Amino acid sequence: MSEINNPCMTCGACCAYFRVSFYWAESDESGGVVPQELTEQVTPFLSCMQGTNSKSPRCVALEGEVGQSVSCSIYLNRPTPCREFDQSGLNGNANQACDRARARYGLPPLDIDLATIDLNHLSCV
Ligand code: SF4
């Protein structure tokens, strides 16, 4: 599977649009995998990725330029919301949150036909 078939690798809008918050115990200092030093406490129960609790969010782990070429520097240790966020079109399902994030960067909604891509190689950045 080439990178061309994975639109997330040329997008990254979701990593620079939402607050990426999760249960605090997902951090590596609490038994999880997310690097603690890249997180910020939001409430007694929630942490978020640094950079995303902002009016102009951008996750500290996002590398590259949104809409051009991006990657996640902690891909294998990313938090639950990143693992559960599907690109629009996956399995034939639209994801309006994906569409909104892309629109913020002037990117059109993904084609629903992208559901045919190889799931073994699918990753959201
Ligand atoms: S996938 Fe990686 S870069 Fe994107 S929001 Fe999650 S941790 Fe940050």
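Just above, that's the structure.
Here's a quick rundown of the structure. None of these values were measured; they are calculated from a predicted model.

Quick notes on the sheet that holds strand E2 (residues 39-41)
Moving on, step 1. The sheet built from three strands is open, its strands ordered E1-E3-E2 with antiparallel pairing. Both edges of this open sheet fall to strand E1 (21-23) and E2, since each of them pairs with a single strand only. Strand-to-strand twist of the sheet, defined as the mean angle between neighbouring strand axes without regard to direction, takes the value 40°.
Moving on, step 2. Across three bridges, the pairing between E2 and strand E3 (residues 46-49) is antiparallel. Residue pairing across strands places Thr39 opposite Met49, the latter belonging to E3.

Examining the pairing of E3
Moving on, step 1. Two elements, E1 and E3, share three bridges in a ladder whose sense is antiparallel. If you follow Tyr23 over to E3, its bridge partner there is Leu46.
Moving on, step 2. Hairpin connection, E2 to E3: the antiparallel pair is bridged by four residues.

Some remarks on helix H2 (residues 96-104)
Moving on, step 1. Along H2, the positions that sit buried rather than exposed are Ala97, Cys98, Ala101 and Arg102. One side of H2 carries all its buried residues, which in axial view fall inside an arc of 135°. Opposite its buried face, H2 presents the exposed residues Gln96 and Ala103, each directed more than 90 degrees away.
Moving on, step 2. Sitting at the head of H2, Asn95 places a side-chain oxygen 2.9 Å from the backbone nitrogen of Ala97.

Concerning the nonpolar core
Moving on, step 1. Counting 23 residues, the largest nonpolar core has Met49, Cys59, Ala61, Leu62 and Ile74 as the members making the most contacts within it.
Moving on, step 2. Of all elements in the fold, only strand E5 (69-72) and H2 reach the threshold of two or more residues within this core.
Moving on, step 3. With three residues, H2 is the largest single contributor of residues to this core.
Moving on, step 4. The contacts of Cys59, once residues within four sequence positions are left out, are Cys15, Met49, Gln50 and Thr52.

How each quantity is defined
Residues numbered from 1 in each chain as written. Predicted model: local features only at pLDDT ≥ 70, side-chain atom pairs only at ≥ 80, totals over all residues. Heavy atoms only, no water. Pairing = 2+ DSSP bridges. Helix = DSSP H or I, 4+ residues; strand = E, 2+ residues; numbered from the N terminus. Axes fitted to C-alpha atoms, helices over the stretch in contact; angles between N-to-C directions. Buried < 20%, exposed > 50% of the residue type's maximum accessible area, 1.4 Å probe, protein only. Arc of directions from axis to C-beta. Polar contact = N/O pair within 3.5 Å; in protein donor to acceptor, adjacent residues only side chain to side chain. Core = buried A, V, L, I, M, F, W, Y, C linked by side-chain atoms within 4.5 Å. Contact = heavy atoms within 4.5 Å.

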